[in-house]
Amino acid sequence: MSKKFYITTPIFYANASLHLGHAYVTVLADIIARYHRWKGEETYFLSGVDEHGIKNLRSAEASGRGVQNYFDSRSAEYRALYDSVLSSYDQFIRTTDQKLHWPAAQAIWRKLEEAGDIYKGTYEGLYCVGCETFKQEKDLVNGMCSDHNTLPERLVQENYFFKLSKYTDRIKSALESGELTILPPERKNEIVSLVSEGLEDVSFSRPKKDLAWGVPVPGDESHVMYVWCDALVNYISALGYGSRDDALFKKFWPADLHVLGKDILRFHAAIWPGMLLSAGLPLPKAILAHGLILSGGKKMSKSIGNTVDPNAIMAEYGVDAFRFYLSHEINPFEDGDFTEEKFKEVYNAYLANGIGNLTARVMKMAESYLPEPVAPSASVGIEVVREYEAFMDKYQIHLA
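These figures come from a predicted structure and were not determined experimentally. (Residues numbered from 1 in each chain as written. Predicted model: local features only at pLDDT ≥ 70, side-chain atom pairs only at ≥ 80, totals over all residues. Heavy atoms only, no water.)

## Some words on the sheet that holds strand β19 (residues 336–337)
In any sheet, the strands associate via hydrogen bonds between backbone groups, in a parallel or an antiparallel arrangement.
Working step 1: Judged by pairing direction, the sheet is mixed, and its three strands sit side by side in the order β18-β17-β19 without closing on themselves. Looking at strand neighbours, the two that pair on one side only are β18 (298–299) and β19, the edges of this open sheet. (Pairing = 2+ DSSP bridges. Helix = DSSP H or I, 4+ residues; strand = E, 2+ residues; numbered from the N terminus.)

## Examining the side chain of His223
Working step 1: Tracing the backbone through its elements, the reader meets His223 in strand β14 (residues 220–225).
Working step 2: One polar contact links His223 to Ser205, side chain to side chain, over a distance of 2.9 Å.
Working step 3: The residues contacting His223, other than those within four sequence positions of it, are Lys120, Glu158, Asn159, Tyr160, Ser205, Arg206, Pro207, Lys208, Val215, Pro216 and Val217. (Polar contact = N/O pair within 3.5 Å; in protein donor to acceptor, adjacent residues only side chain to side chain. Contact = heavy atoms within 4.5 Å.)

## Overview of the sheet that holds strand β13 (residues 216–217)
Working step 1: The three strands are arranged β12-β14-β13 in an open sheet whose pairing can be described as antiparallel. Single-partner strands in this sheet number two, and they are β12 (205–207) and β13.
Working step 2: Pairing analysis gives three bridges linking β12 to β14, with the strands arranged antiparallel. Opposite Ser205, over in β14, you have Met225 as the bridge partner.

## With respect to a negative patch on the surface
Working step 1: Taken together, Glu316, Glu340, Glu341 and Glu345 make up a surface patch of like negative charges.
Working step 2: At three residues, helix α13 (residues 340–369) tops the list of elements feeding residues into the negative patch.
Working step 3: When you line up the elements, Glu316 lands in helix α11 (residues 310–317). (Patch = residues over 30% accessible without salt bridge, like charges linked within 9 Å, V, L, I, M, F, W, Y side chains within 5 Å. Areas by Shrake-Rupley, 256 points an atom, 1.4 Å probe, with all protein chains shown as cover. Salt bridge = Lys/Arg side-chain N within 4 Å of Asp/Glu carboxyl O. Lys, Arg positive; Asp, Glu negative; His and termini not counted. Charge placed at Lys NZ, Arg CZ, Asp CG, Glu CD.)

## Remarks on the packing of helix α6 (residues 185–196) against helix α10 (residues 265–279)
Working step 1: Following both chains from N to C, one finds α6 and α10 inclined at 50°, their axes separated by 11 Å at the closest point. As summarised for this structure, α6 and α10 are arranged oblique, according to the angle between their axes. Classified by chirality, the crossing of α10 by α6 is right-handed. Across the interface between the two elements, Arg187, Ile191 and Leu194 from α6 touch Leu265, Arg266 and Ala269 from α10.
Working step 2: Residues of the contact of α6 with α10, tallied by class, amount to four nonpolar, no polar and two charged. (Axes fitted to C-alpha atoms, helices over the stretch in contact; angles between N-to-C directions. Parallel < 35°, antiparallel > 145°, perpendicular 65-115°, else oblique. Left-handed = near helix turned anticlockwise from the far one by under 90°. Nonpolar A, V, L, I, M, F, W, Y, C, P; charged D, E, K, R; others polar.)

Here is the structure:
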């Protein structure tokens with residue numbers, strides 16, 4: 001029986017403009033997926049898009065195209081980008097998929113209810129639409145969300161809550177024992193520190209009168225599921241969890257690796273494990289939380305004009321050069337940097353002047369001095385492959 005390997009990317013908010021971060025995590029996960037296929041492992045690679053939540057709905061309404069048409073169009077744009085970077089994903093999941101995703105999300109909700117972990121209560125707090133989460137005063141900088149530089153909205157709502165606090169000790173134990181591995185180690189330490197402070201219960205629904213776009217709460221259609229409760233389920237809904245055809249779920253869950261940005265690690269390392277524990281399901285084996293992709297040392301932003309369009313780079317230099325830069329120049333465990341000037345330097349140094357000139361010279365010398373073909377040294381080849389495997393097994397893609 002061959003080994004299996006299940007790898008996922010995050011599902012990005014559909015309203016976001018396509019940028020380098022979308023391309024990077026997709027290429028990173030694709031390289032890892034291809035490696036495990038090369039090793040002969042039965043590999044399943046999942047990607048997709050998240051179409052629910054307040055900010056998605058507001059963008060759709062503002063477009064004037066109709067909500068469903070908007071999301072159909074945005075989903076197609078994401079798939080086009082993933083195809084452009086040669087991503088070898090096996091499935092593309094959409095959270096608006098009412099045949100595959102909704103039944104799984106509702107099945108998980110019922111499991112949480114059966115465990116006694118869903119209750120109704122009133123919550124008043126500061127809500128950042130960009131993050132799709134409530135913020136505490138200590139999380140704000142001058143009263144603003146540090147990630148989006150926007151003023152959170154004060155909301156008072158009667159919502160359903162999930163008893164995440166109940167699973168604090170169990171999640172901490174899983175993190176410390178390595179049952180759930182988080183890479184790099186410094187990210188793990190951050191999450192262990194967070195969990196050690198004690199996890200708080202999470203608001204898990206929104207009144208339908210305030211947000212009609214989402215998965216209905218089972219047994220109470222006056223509420224829809226909180227976007228993160230719904231979105232995290234994509235990792236198992238795509239495999240058929242909660243449906244009659246759950247063969248993929250039985251074969252590939254638990255996930256071997258969730259690949260995602262460090263900015264959404266808390267959701268995946270606290271809320272997601274809590275949901276799985278409540279539902280009686282195995283935890284994922286590992287999470288790789290990559291760094292941010294900066295531009296000129298600064299976070300990319302339209303307002304300062306340093307965003308990078310991956311499609312424009314590939315159109316001028318080709319997809320192979322683009323993938324080479326992302327994999328060779330960016331350490332997955334640290335923040336990376338991308339500017340077109342730096343890209344050109346790397347392109348010329350390594351590809352045009354480096355590999356290009358080397359290949360031309362070797363071929364010329366072979367024609368001139370090697371009238372008969374010469375077999376390569378097998379021992380050298382094996383040594384290189386072993387070194388490559390050692391780096392890949394540690395997800396040190398830049399060194400591999």
